[in-house]
Amino acid sequence: MLAINIFTKVLKYIGILTGMTIPYCNHAVKTTDTVNPSAIVVPKIDPGNTARYITLEMDMNKGLHPSFYFTDLPFDKNKGLMLMKDDALLSDYTVVFKILSGGIVNGKRYPGFYYTDGTGKNINYKYSFAINANEGHTTDTNNAASWAQINEILAKGHAYMNHSMFHGGTDLFKAIKDSEKNMWAHTHYRMTEIVPPGNDEGYVENGLQLGYHMMSSEFGEPVPDGNNSPGKQNVSWGSYIPMLTQNFNRVLISRTNLGDQWNTAELKTSKAYIDYIFNHPEKDKKLVGAAFSHGPFGDKKEGADNFFGFLMYIKHHPANHDSAWITSSKELMDYENTKAKVVISSEHYDPQTGKYKIVLDMNRVDSNVIYRNLSLKVKGGTIGNVKADGVNEVTFNPSTGLINLYKTDRSKVINPFKDPLPPQIVSITTKGNVIFFNYDKPVVQTKKQGYEIPGNKILELKGAGKEWQLVLQNPVGSAQTFFYRIQLGDAKQTNNPLLRVCSYIGQPIKH
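Only a predicted model underlies this, so the values are computations on that prediction, with no experimental measurement involved.

Calculation criteria
- Residues numbered from 1 in each chain as written.
- Predicted model: local features only at pLDDT ≥ 70, side-chain atom pairs only at ≥ 80, totals over all residues.
- Heavy atoms only, no water.
- Helix = DSSP H or I, 4+ residues; strand = E, 2+ residues; numbered from the N terminus.
- Contact = heavy atoms within 4.5 Å.
- Areas by Shrake-Rupley, 256 points an atom, 1.4 Å probe, with all protein chains shown as cover.
- Buried < 20%, exposed > 50% of the residue type's maximum accessible area, 1.4 Å probe, protein only.
- Pairing = 2+ DSSP bridges.
- Salt bridge = Lys/Arg side-chain N within 4 Å of Asp/Glu carboxyl O.
- Phe/Tyr/Trp six-rings, centres within 6.5 Å; stacked < 30°, edge-to-face > 60°.
- Axes fitted to C-alpha atoms, helices over the stretch in contact; angles between N-to-C directions.
- Parallel < 35°, antiparallel > 145°, perpendicular 65-115°, else oblique.
- Core = buried A, V, L, I, M, F, W, Y, C linked by side-chain atoms within 4.5 Å.
- 1 Å grid on protein atoms, 1.4 Å probe; cavity = no way out; pocket = protein on both sides within 12 Å on 5 of 7 lines; lining within 4 Å.
- Points joined across faces, edges and corners; volume = space filled by probe spheres on them.
- Nonpolar A, V, L, I, M, F, W, Y, C, P; charged D, E, K, R; others polar.
- Expected span 1.5 Å × (residues − 1).

Draft legend 1. Structural detail: the overall build of the protein. Secondary structure assignment for the protein yields 8 helices and 31 strands. A separation of at least 24 residues holds for 73% of the contacts in the protein among residues at least 6 apart in sequence. For the protein, the accessible area works out to roughly 21,100 Å², and carbon and sulfur atoms hold 53% of it.

Below you can see the structure in the form of structure tokens.
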């Protein structure tokens with residue numbers, strides 16, 4: 001275990017040092033603000049199967065007292081990988097997507113990558129793409145994936161993760177929410193996982209407030225937004241999710257940097273990471289690795305070929321043998337949410353007819369969950385002639401008792417433009433040693449500890465409703481900025497305590 005921990009830390013700090021060389025990873029891009037969704041034509045999206053109930057019926061051969069259980073991972077896999085690519089570069093589509101799905105890169109045709117669902121059905125490898133959902137996506141605005149390409153990637157079941165609107169920002173609500181809205185306006189895809197841009201403060205606590213439950217990045221040590229506070233030690237520094245012990249209400253996962261050039265040296269490091277995940281001794285936790293890259297950059301032959309070699313290494317790894325789930329952030333979180341919230345409405349076995357019937361109720365599953373897939377195994381007999389209503393598809397394996405239910409339902413996803421919004425600060429001004437700040441809605445609060453003016457001391461927080469003041473020890477200097485931290489303060493909307501004020505990290509003060 002000591003060797004593994006040392007190896008993990010080495011990978012982690014290689015990733016941090018490598019990431020420091022990426023010029024657009026922590027720099028804001030100033031393009032346009034959130035668009036008006038009515039001005040955009042979004043491709044028509046199939047809502048899927050909208051039924052509340054799933055009715056599963058099967059014949060049981062040699063059945064005595066059959067029962068079933070949901071598998072820990074889909075398709076009864078025992079390990080997995082969640083691979084990510086940051087910044088929505090053009091090569092997301094021209095290299096990664098084409099090689100994953102099967103396509104031509106640099107004049108060479110790649111076959112695509114698949115595993116099976118344990119019944120013979122092929123499932124394509126999934127990827128997660130972190131996006132700054134402005135019109136340029138990155139600082140390299142001439143090298144960004146188009147919205148049409150992004151929609152094509154989404155149509156194949158890959159995920160997009162919220163990377164903030166402009167690689168950060170002082171108003172954390174706008175950084176997260178504007179990106180979410182703009183993505184929806186162009187795709188009708190609602191992002192439900194976050195990749196904080198670098199070590200930016202505040203994304204975890206504010207993301208949780210805004211309905212996100214997975215944050216995957218290289219968090220700082222100690223994390224400044226409360227991740228390591230008592231009772232919240234949920235950051236995984238091993239670049240993997242222990243699926244059997246993870247708290248899925250708060251998934252904070254550091255990521256190994258696989259490198260960006262995808263040259264021979266980086267490929268060697270990437271293969272070592274796969275060895276670490278696939279050969280990890282903690283098999284009782286069923287690990288899903290988390291790693292990322294910004295590359296391959298462009299359509300360079302070496303980068304594309306090495307990325308292909310990386311995927312081949314995963315597929316043919318001696319510890320794989322079709323036992324690995326190559327998943328996306330969305331697919332992973334949706335599976336866990338569905339499994340946790342589905343209700344077994346009824347279960348009945350008729351020994352006279354040999355029919356075993358199960359009814360599942362999806363009503364409690366979160367509205368923003370679109371992949372409502374489930375895998376279950378039946379014990380106490382051999383299954384046959386499996387039928388299911390309320391799903392898109394069902395597959396089964398009589399020899400193992402495995403049944404896979406495929407159900408996609410986009411009809412319940414909430415339009416982010418219609419979300420109830422927490423109070424937001426609309427102005428911050430100062431006169432002498434007093435800062436005046438106004439909210440767009442009335443708030444109640446008591447904790448001055450939530451506020452900070454670096455280089456000054458706050459003596460008093462006072463005010464009511466929409467109008468508040470901070471009384472400081474000294475006059476406010478021209479270079480001083482305004483901080484409010486959601487995890488230290490208690491500001492919330494009057495008569496609606498669930499709508500807490502989000503963080504402002506370094507907000508300018510008008511003199």
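Draft legend 2. Molecular detail of the pairing of strand 1 (residues 53-61). Where burial is concerned, the two faces of strand 1 differ: the one with Ile54, Leu56, Met58 and Met60 is buried and the one with Tyr53, Thr55, Glu57, Asp59 and Asn61 is not. Here 7 bridges tie strand 1 to strand 19 (residues 355-361), and the two strands are oriented antiparallel to one another. Following the sheet pairing, tyrosine 53 is matched in strand 19 by aspartate 361. Relative to strand 21 (residues 382-389), strand 1 runs antiparallel, the two being bridged by 6 bridges.

Draft legend 3. Geometry of the pattern of salt bridges. By the definition in use, this model includes 22 salt bridges. Two residues, lysine 85 and aspartate 92, come together in a salt bridge whose shortest N-O distance is 2.5 Å. Judged by its relative accessible area of 0%, aspartate 92 is buried. One salt-bridge network, in which partners are shared between bridges, spans Lys177, Glu180, Arg190 and Asp419.

Draft legend 4. The sheet that holds strand 31 (residues 504-507), seen in detail. The strand order across the open sheet formed by 3 strands is 26-28-31, and the pairing between neighbours is antiparallel. With one partner strand each, in any of the chains shown, strand 26 (451-452) and strand 31 form the two edges of the open sheet. Bridge analysis of strand 26 against strand 28 (residues 482-484) gives 2 bridges, and the strand direction is antiparallel. In the strand pairing of strand 28, glutamate 452 is matched with phenylalanine 483.

Draft legend 5. Spotlight on the packing of aromatic side chains. Within the structure shown, the criterion is met by 22 aromatic pairs. Note on tyrosine 110 and phenylalanine 308: the rings are 5.1 Å apart at their centroids and 55° apart in plane angle, and the pair reads as tilted. Taken together, the residues span a long stretch of sequence, with tyrosine 110 in strand 5 (residues 108-110) and phenylalanine 308 in helix 7 (residues 301-315) at a distance of 198 residues. Of the two residues examined, tyrosine 110 and phenylalanine 308, each falls in the buried class. Each ring, one from tryptophan 325 and one from tyrosine 335, has its centre 6.3 Å from the other, and the planes form 65°; the classification is edge-to-face. Taken together, the residues tryptophan 325 in strand 17 (residues 324-327) and tyrosine 335 in helix 8 (residues 329-341) connect sequence positions 10 residues apart.

Draft legend 6. Representation of the packing of helix 3 (residues 147-155) against helix 4 (residues 172-187). The contact between helix 3 and helix 4 brings their axes to 10 Å, and the two run at 85°. As the angle between them shows, helix 3 and helix 4 are arranged roughly perpendicular. Of the residues in helix 4, those touching helix 3 at Trp147, Ile150, Asn151 and Leu154 are Asn182, Met183, His186 and Thr187.

Draft legend 7. Region of interest: the nonpolar core. Within the largest apolar cluster, 82 residues are counted, with the highest numbers of intra-cluster contacts made by Ile99, Tyr160, Met183, Phe310, Ile314 and Leu332. Non-local contacts of tyrosine 160, meaning those with residues more than four positions away in its chain, are made with Phe129, Ile131, Ile150, Ile153, Leu154, Met183, Tyr189, Met191 and Glu193. Core analysis: the second largest hydrophobic core is formed by 22 residues, Met60, Val342, Leu376 and Ile383 among them.

Draft legend 8. Quick look at the environment of threonine 245. Tracing the backbone through its elements, the reader meets threonine 245 in the loop between strand 13 (240-242) and strand 14 (251-253). Taking the C-alpha atoms as reference points, threonine 245 and lysine 286, separated by 41 residues in sequence, lie 9.1 Å from one another.

Draft legend 9. Broad picture of unusual backbone geometry. At the junction of glycine 295 and proline 296, the peptide bond is cis and its omega measures out at 5° in the coordinates. Mapped onto the fold, proline 296 is located in the loop between strand 16 (287-293) and helix 7. In this model, asparagine 106 sits at a positive phi of 55°, which is unusual for a non-glycine residue. Mapped onto the fold, asparagine 106 is located in the loop between strand 4 (103-105) and strand 5. Owing to a relative accessible area of 42%, asparagine 106 belongs among the partly exposed residues under this scheme. For asparagine 495, which is not glycine, the phi torsion reads 70° and is therefore positive.

Draft legend 10. Examining the layout of surface pockets more closely. Space inside the largest pocket adds up to approximately 950 Å³. Lining the largest pocket are 39 residues, with Ala155, Gly157, Tyr371, Thr408 and Arg410 positioned closest to its centre. Contributing elements (two or more residues each) for the lining of the largest pocket: strand 7 (122-124), helix 3, helix 4 and helix 8. Among the residues forming the lining of the largest pocket, the class breakdown is 14 nonpolar, 13 polar and 12 charged. The computed volume of the second largest pocket comes to approximately 760 Å³. Gly211, Tyr212, His213, Asp366 and Asn368 are the residues nearest the centre of the second largest pocket, which is lined by 33 residues in total. Looking at which element gives the most residues to the lining of the second largest pocket, the answer is helix 8, with 8 residues.

Draft legend 11. Quick peek at the side chain of glutamine 469. Mapped onto the elements of the fold, glutamine 469 is located in strand 27 (residues 458-472). When its relative accessible area of 17% is taken as the criterion, glutamine 469 is described as buried. Beyond its immediate stretch of four places on either side in the chain, glutamine 469 contacts Val434, Ile435, Phe436, Phe437, Glu460, Leu461, Lys462 and Gly463.

Draft legend 12. The environment of asparagine 132, seen in detail. With respect to the helices, strands and loops of the structure, asparagine 132 is situated in the loop between strand 8 (128-131) and helix 3. Asparagine 132 sits 44 residues away from alanine 88 along the chain, and the two C-alpha atoms are 7.3 Å apart. Excluding residues within four positions of it along the chain, asparagine 132 makes contact with Asp87, His137, His163, Ser164, Met165, Phe166 and His167.

Draft legend 13. Representation of helix 8 in the model. End to end, helix 8 covers 18 Å across 13 residues, agreeing with the expected 18 Å (1.5 Å per residue, within 8%). Burial in helix 8 covers these residues: Ser329, Lys330, Glu331, Leu332, Met333, Asp334, Tyr335, Glu336 and Thr338.

Draft legend 14. Focus on the sheet that holds strand 1. If you trace the 4 strands from one edge of the open sheet to the other, you get 18-19-1-21, paired in antiparallel fashion. For this open sheet the edge positions go to strand 18 (343-350) and strand 21, each flanked by a neighbour on one side alone. On average, each strand axis in the sheet is tilted by 15° relative to the strand beside it, whichever way the strands run.

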